[in-house]
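# An overview of the molecular structure
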Amino acid sequence: MAIGTLPTTAPAAPLSWRARAREILDRERVLGPLFITPALILIALLVAYPFCMALYFAMSNAFIGRPSHFVGISNFVRLWDADAFRQTFQNAFVFTGISVAFKLVLGIALALLLNQQLWFKRIIRGSVLLPWVIPTALSTLGWWWMFNSLYSVVNWTGISLGLMDPPGPNWLGQKYYAMAAVITVNIWRGLPFFAITILAGLVAIPKELYEAAQADGAGPWARFWFVTLPMLKPVLAVVVLFSTIFTFSDFNIVYVLTHGGPINATHLFATYSRMIGLESGRIGEGAAVSLYLFPLLVFVVWAQLRFVRRQAY
Amino acid sequence: MAVTRRRFLGTTTLGLAGIVATRTAPAVGQTREISYLCWNNFAPASDKKLSEIGQRFTKDTGIKLKIDHISHMGPQQAKYASEVQTQAGHDLVEMRMHFPWLYEPQLVDVSDVVTELEKKYGKAISSSYEGAHVNGVWRAVPQYHGMFMAAYREDLFKKASLKVPDTWEDLYAVGKELKKMGNPVGIPISQNYDSISTAGPVLWSFGGMEVDKDGKTVKINSPGTVQTIEWYKKMFKDCMEPEVLSWSDASNNESLQQGKAGWIHNPVSAYIVAKQRKLVTADGINHHRSLGGPAGRFETDTPRHIGIWKFSKNVDASKEWIRYLLGKREVYDEYIMAGDAFNLPAYDKLQDHPVLRTDPKFAALKGEGVQYHTYGWPAPPSDKVQLITNAYILPNMIAKAVTGTATKDAIAWAETEMKKIMAG
């Protein structure tokens, strides 16, 4: 008995919208951009847009709440005319150069120390991070008390130990001391970042390299110079790169400790920009101050990233 | 009438469309709400009183009032700038000194409110006029003021039989003795506003000025400035300690309160705080009339005003709040009394206010024979004049001179910097 024949091709049942969506999402070309889009939107809104606004402001005569006009690079030219800005420019390089150099040397030393087998290693490693974790404005306020002319615990200790003549250095009122004070606080704050990142690099160096060096008769100094340091170079380059950018754009420490004084001796781009842009309403000039170093920093980033890539491949 | 589903949907859709099109909520059910941004007053009881008055205002008028506080100076400026740039934020803002000049195009004309208040209380005081009357229009309503004056350790003066100074030169004579006693004079010479608040009156008293009243001509290079710098030099050497070069706005207060400084130039807040915290120095602190010089007796005043942003959608309700707080005599009195003489009335007829009689140490606040002005006087506080102030050129000129730069070089530096700003 013929029971009939099955049709060889059944008419395709229409896919449900869910199935269709699933099929589309399975395509890499769709899913990839979809995942990236939220991040792109965030970058566009929170980074690209403010940056473009800053660029526009820097090339305009923008004043808070008033219509602005394009003025080309005249803000940048006029700024260079101001004594306080030239001082700020010099301060930024002195502050960044000395701070980063100290943080690098001390950071390597601290990382080497933390890499040893120590008692309470975890607690010590955790507490080293404290300066990095505490909000900068708050910790700087503590330093302000320590350097304050009326309550200075630094001077009190120095005088008590016979290391200083009373009343002790005028930490925040004399230009070299004030610069030393802001640099000290910056080093104190930035050191954990260096130490912990370098420590991560140290831990990743294969033990065999040290064993081989030791077998070849290398002492501790030679092992550090010919094994540790070369292996750390990529990490150091990235840390220095980040720290240079962060230190150049530091604000809190100077704002809380010296307000840019005495006689503008500790102003940095961020504090000077705030004074011009927000306190005096000249947004255009304020933006120009903060963007002054942009070309230089771009070059630093490019050069260091190039160096890192060469080291890596 | 029964409301069918179709009828309900139709009506609400039409209503919503209307609201969206006109961007206005229907009058029925609309609650008027305003927000007011002010600073954390140095007299905290004043903020508490403001909140109380605000609640009564809401009860009496049905207008909801939200009061926000922000810390002094720095954050305030950043907040104002962001509100103006984004055209969003509070309806009313408390403004200090010359802020209405900076934000002139963004502030509602409040001349009508000020006229009413002036009819009732007399003219607004000169410093309020200088700060809030911008190019012929009141851009903010004078609220209160607090002036600088002389605060000193009366107990130490009596102990050493020192005469209360009447001029800046007298202060030098007294200051030398105070320094010998270990209680130096405390006048900041640093990048803060108190430094300008003292340098201004000293400069004016010696006949000097930064910029002429035309608002354009830089006049810092004058015999008055030379006298001012020479006075500062000898004060720095013989009556003060180098720490004044590092001081913040609070340092002179603390130095007097902690028993170090024997004389400071400051508003009455140093004494008020010492009294509130029951410090041992509180009883010994007193005030005396501001000091004079060859050209007269001048003082820095710090008037405060209330402005309304133009982007506010509640201008009328905002004006109603100002009228409630400042226009009702009993409310204004209540508010002023809560400020413990740190906030004084900003109108002529109220100058002899009962708050001055709440403590005998407030007597000097009457300020008889003293001219009160804001920074940069006699120039109108244009944006350029304010940049000169905010760049701390005046205290930096003095700091340079007292730390070794020749007087004429320090003045030449200041003149060059001021001229660059005026030309920019």
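For clarity, every value in this text was computed on a predicted model and none was experimentally measured.

Now for the overall build of chain B. In terms of regular secondary structure, chain B is built from 17 helices and 14 strands. Radius of gyration (C-alpha) of chain B: 24 Å, near the 22 Å computed for a compact globule of 424 residues. Summarising the internal contacts of chain B: among those between residues at least 6 apart in sequence, 77% fall at separations of at least 24.

Let us now look at the overall build of chain A. Assigned secondary structure in chain A consists of 15 helices and zero strands. Its C-alpha atoms give chain A a radius of gyration of 28 Å, more than 25% over the compact-globule value 20 Å for 313 residues. Its C-alpha atoms give chain A principal-axis dimensions of about 120 × 70 × 35 Å. When each of the 313 residues of chain A is scored for burial, the buried share is 32%.

All names here are of chain B. Reading across from one edge, S8-S9-S7-S10 is the order of the four strands in this open sheet, with mixed pairing throughout. Looking along the sheet, the strands with just one partner apiece sit at the ends: strand S8 (185–186) and strand S10 (285–288). As judged from the two bridges shared by S8 and strand S9 (residues 263–266), these two strands associate in the parallel manner. Bridge pairing in S9 links Gly186 to Ile264.

Right, let's get into the domain arrangement of chain A. All names here are of chain A. Once the domains are mapped, chain A shows domain 1 (27–58) and domain 2 (82–312). On a C-alpha basis, the centroid separation for the pair domain 1 and domain 2 is 31 Å. Between domain 1 and domain 2, the residue contacts involve four residues of the former and six residues of the latter.

Glancing now at the pairing of strand S7 (residues 149–153) of chain B. Residues and elements named next belong to chain B. The buried fraction of S7 is high, at five of five residues. Neither face of S7 is exposed, since Met149, Ala151 and Arg153 on one face and Ala150 and Tyr152 on the opposite face are all buried. Inspection of the sheet shows S7 paired to S9 by four bridges, in the antiparallel sense. Residue pairing for S9: Tyr152 is matched across the bridge by Trp263.

Take the pairing of strand S6 (residues 141–147) of chain B next. All names here are of chain B. For S6, a buried count of seven out of seven residues is recorded, marking the element as mostly surrounded by other parts of the structure. As judged from the six bridges shared by S6 and strand S12 (residues 296–308), these two strands associate in the antiparallel manner. Paired with Tyr144 across the two strands is Arg304, which belongs to S12. Bridging between S6 and strand S13 (residues 344–345) involves two bridges; their strand directions are antiparallel. Its bridge partner lying in S13, Tyr144 is registered against Pro345.

Here the focus is the interface of chain A and chain B. Taken residue by residue, the interface counts 28 residues in chain A and 31 residues in chain B. At three residues, the largest contribution of residues to the side of chain A that touches chain B is made by helix H13 (residues 269–279) of chain A. In the side of chain A that touches chain B, the residues fall into 11 nonpolar, 11 polar and six charged.

Attention now moves to the domain arrangement of chain B. All names here are of chain B. Its domain assignment divides chain B into domain 1 (33–145 + 302–362) and domain 2 (149–289 + 391–423). The centre of domain 1, based on its C-alpha atoms, is set 29 Å off from the matching centre of domain 2. Taken together, the seven residues of domain 1 in the interface contact seven residues of domain 2. Of the residues belonging to the side of domain 1 that touches domain 2, the class tally is five nonpolar, no polar and two charged.

All names here are of chain A. Between its first and last C-alpha atoms helix H7 (residues 136–147) spans 16 Å; for 12 residues at 1.5 Å apiece the expected length is 16 Å, and the two agree. Among the residues of H7, Ser139, Thr140, Trp143 and Phe147 are the ones counted as buried. Angular distribution of buried residues about the axis of H7 spans 100 degrees; they occupy a single face of the element. Facing away from the buried side of H7, by more than 90 degrees, are the exposed residues Ala137, Leu138 and Gly142. Buried residues along H7 sit against helix H6 (130–133), helix H8 (153–160), helix H9 (175–203) and helix H12 (252–257).

Core analysis: the largest hydrophobic core is formed by 180 residues, its most contacted members being Leu257 of chain A together with Val141 and Ile398 of chain B. Excluding its chain neighbours within four sequence positions, the residues that come into contact with Ile398 of chain B are Ile189, Ala199, Ile229 and Tyr232 of chain B.

Another aspect to go through is the confidence of the model for chain B. Here chain B shows a mean pLDDT of 91. Residues at 70 or above account for 92%. For this predicted complex, the interface score ipTM comes out at 0.81, while the overall pTM is 0.84.

Residues and elements named next belong to chain A. Within the fold, Thr140 resides in helix H7. Distance from Thr140 to Trp17, taken between C-alpha atoms, is 58 Å for residues 123 residues apart in sequence. Those residues in contact with Thr140 that sit more than four places away from it in its chain are Val185, Asn252, Ile253, Val256 and Leu257.

Moving on to the packing of helix H9 (residues 193–205) of chain B against helix H16 (residues 393–402) of chain B. Residues and elements named next belong to chain B. Direction vectors running N to C along H9 and H16 enclose 80 degrees, while the axes themselves pass 8 Å from each other. Overall, the two elements H9 and H16 adopt an arrangement that is roughly perpendicular. Touching Ser195, Ile196 and Ala199 of H9 are Leu394, Pro395 and Ile398, all from H16.

All names here are of chain B. Between the first and last C-alpha of helix H8 (residues 168–180) there are 19 Å, a value that for 13 residues agrees with the 18 Å anticipated at 1.5 Å per step. Along its length, H8 shows its largest kink, about 30 degrees, at Val174. Regarding H8, the residues found buried are Trp168, Leu171, Val174, Gly175 and Leu178. Packed against the buried residues of H8 are S8, H9, helix H10 (223–238), S9 and strand S11 (292–293).

Another point: the environment of Met397 of chain B. As for its position among the elements, Met397 of chain B is in helix H16. If we skip the residues at most four places from it in the chain, Met397 of chain B touches Ala410, Ile411, Trp413 and Ala414 of chain B.

Geometrically, the link from Gly261 of chain A to Pro262 of chain A is a cis peptide bond, its omega value of -10 degrees lying close to zero. Checked against the element boundaries, Pro262 of chain A lands in the loop between H12 and H13. In this structure, Pro378 of chain B follows Trp377 of chain B across a cis peptide bond, with omega equal to 5 degrees. When you line up the elements, Pro378 of chain B lands in the loop between strand S14 (371–373) and helix H15 (383–390). The backbone of Asn135 of chain B sits at a positive phi, close to 45 degrees, despite the residue not being glycine. Secondary-structure assignment places Asn135 of chain B in the loop between strand S4 (133–134) and strand S5 (137–138).

Residues and elements named next belong to chain B. Within the secondary structure, Thr58 sits in helix H2 (residues 44–61). In this structure Thr58 comes out as partly exposed when scored by C-beta crowding, with 17 C-beta atoms within 10 Å. Residues Thr58 and Ile411, 353 residues apart in the sequence, show an inter-C-alpha distance of 55 Å. Apart from the residues lying within four places of it in its own chain, the contact partners of Thr58 are Ile63, Lys64 and Leu65.

What counts, and at which threshold
- Residues numbered from 1 in each chain as written.
- Chains lettered and ligands numbered in written order.
- Predicted model: local features only at pLDDT ≥ 70, side-chain atom pairs only at ≥ 80, totals over all residues.
- Helix = DSSP H or I, 4+ residues; strand = E, 2+ residues; numbered from the N terminus.
- Rg over C-alpha atoms; globule rule 2.2 N^0.38 Å.
- Contact = placed C-beta atoms within 7 Å.
- Buried ≥ 20, exposed ≤ 12 C-beta atoms within 10 Å, placed from the backbone.
- Pairing = 2+ DSSP bridges.
- Domains from an automatic or database assignment.
- Nonpolar A, V, L, I, M, F, W, Y, C, P; charged D, E, K, R; others polar.
- Expected span 1.5 Å × (residues − 1).
- Arc of directions from axis to C-beta.
- Core = buried A, V, L, I, M, F, W, Y, C linked by C-beta atoms within 7 Å.
- pLDDT = per-residue confidence, 0-100.
- Axes fitted to C-alpha atoms, helices over the stretch in contact; angles between N-to-C directions.
- Parallel < 35°, antiparallel > 145°, perpendicular 65-115°, else oblique.
- Bend = angle between axes of the 7 residues up to and from the residue.

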